[in-house]
Amino acid sequence: MSDLTLTPNIAGADDFYAELLAAHEGLDKAESDALNARLVLVLANHIGDRAVLSKALKAAAFKE
């Protein structure tokens, strides 16, 4: 795989964003941070490609 998709690629993106916000509702900062960390790890495991994950880390940190 090893290509990182940075263009819009989520069906129902607005619905997903609303679902993400709802998942954080009522959480304090630490709980919200923990949810984000778990979500990142779940999605990273799903992707499974280390090259893609490294590219994603660099893109998220604005490093290329």
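Residues numbered from 1 in each chain as written. Predicted model: local features only at pLDDT ≥ 70, side-chain atom pairs only at ≥ 80, totals over all residues. Heavy atoms only, no water.

As recorded in an unreviewed UniProt entry, the protein goes by DUF2783 domain-containing protein and comes from Ruegeria alba.

Asks: Give a detailed account of the overall build of the protein, specifying residues and quantitative values.
Replies: When helices and strands are tallied, the protein shows three helices and zero strands. Reading the protein from its N terminus to its C terminus gives the helix and strand order α-α-α. Here the C-alpha radius of gyration of the protein, 13 Å, is well above what a compact globule of 64 residues would show, namely 11 Å. Dimensions of the protein, computed from the C-alpha atoms along their principal axes, are close to 35 × 25 × 20 Å. When the 64 residues of the protein are sorted by exposure, 9% land in the buried category. For the protein, the computed accessible surface area is about 5,500 Å², with 61% contributed by carbon and sulfur atoms. The protein carries 6 positive and 10 negative side-chain charges, and their two centres are separated by 14 Å. (Helix = DSSP H or I, 4+ residues; strand = E, 2+ residues; numbered from the N terminus. Rg over C-alpha atoms; globule rule 2.2 N^0.38 Å. Buried < 20%, exposed > 50% of the residue type's maximum accessible area, 1.4 Å probe, protein only. Areas by Shrake-Rupley, 256 points an atom, 1.4 Å probe, with all protein chains shown as cover. Lys, Arg positive; Asp, Glu negative; His and termini not counted. Charge placed at Lys NZ, Arg CZ, Asp CG, Glu CD.)

Asks: Explain the side chain of Ser 32 to me, and be specific about the residues and the numbers.
Replies: The residue Ser 32 is located in helix H2 (residues 29-47) in this model. Taking the relative accessible area as the measure of exposure, Ser 32 reaches 17% and is therefore buried. Apart from residues lying up to four places away in sequence, Ser 32 is in contact with His 24 and Leu 27. (Contact = heavy atoms within 4.5 Å.)

Asks: Could you give an account of the pattern of salt bridges, naming the residues involved and the relevant values?
Replies: Pairing between side chains becomes possible if they bear opposite charge and their charged atoms approach one another. Under the counting rule described, the total for this entry stands at one salt bridge. When the shortest N-O distance is used, the salt bridge between Asp 33 and Lys 29 registers 2.9 Å. Note that Asp 33 and Lys 29 are positioned in helix H2 at a spacing of four residues, about one turn of the helix. For Asp 33, a relative accessible area of 38% gives the class partly exposed. Its relative accessible area of 61% is what places Lys 29 among the exposed residues. (Salt bridge = Lys/Arg side-chain N within 4 Å of Asp/Glu carboxyl O.)

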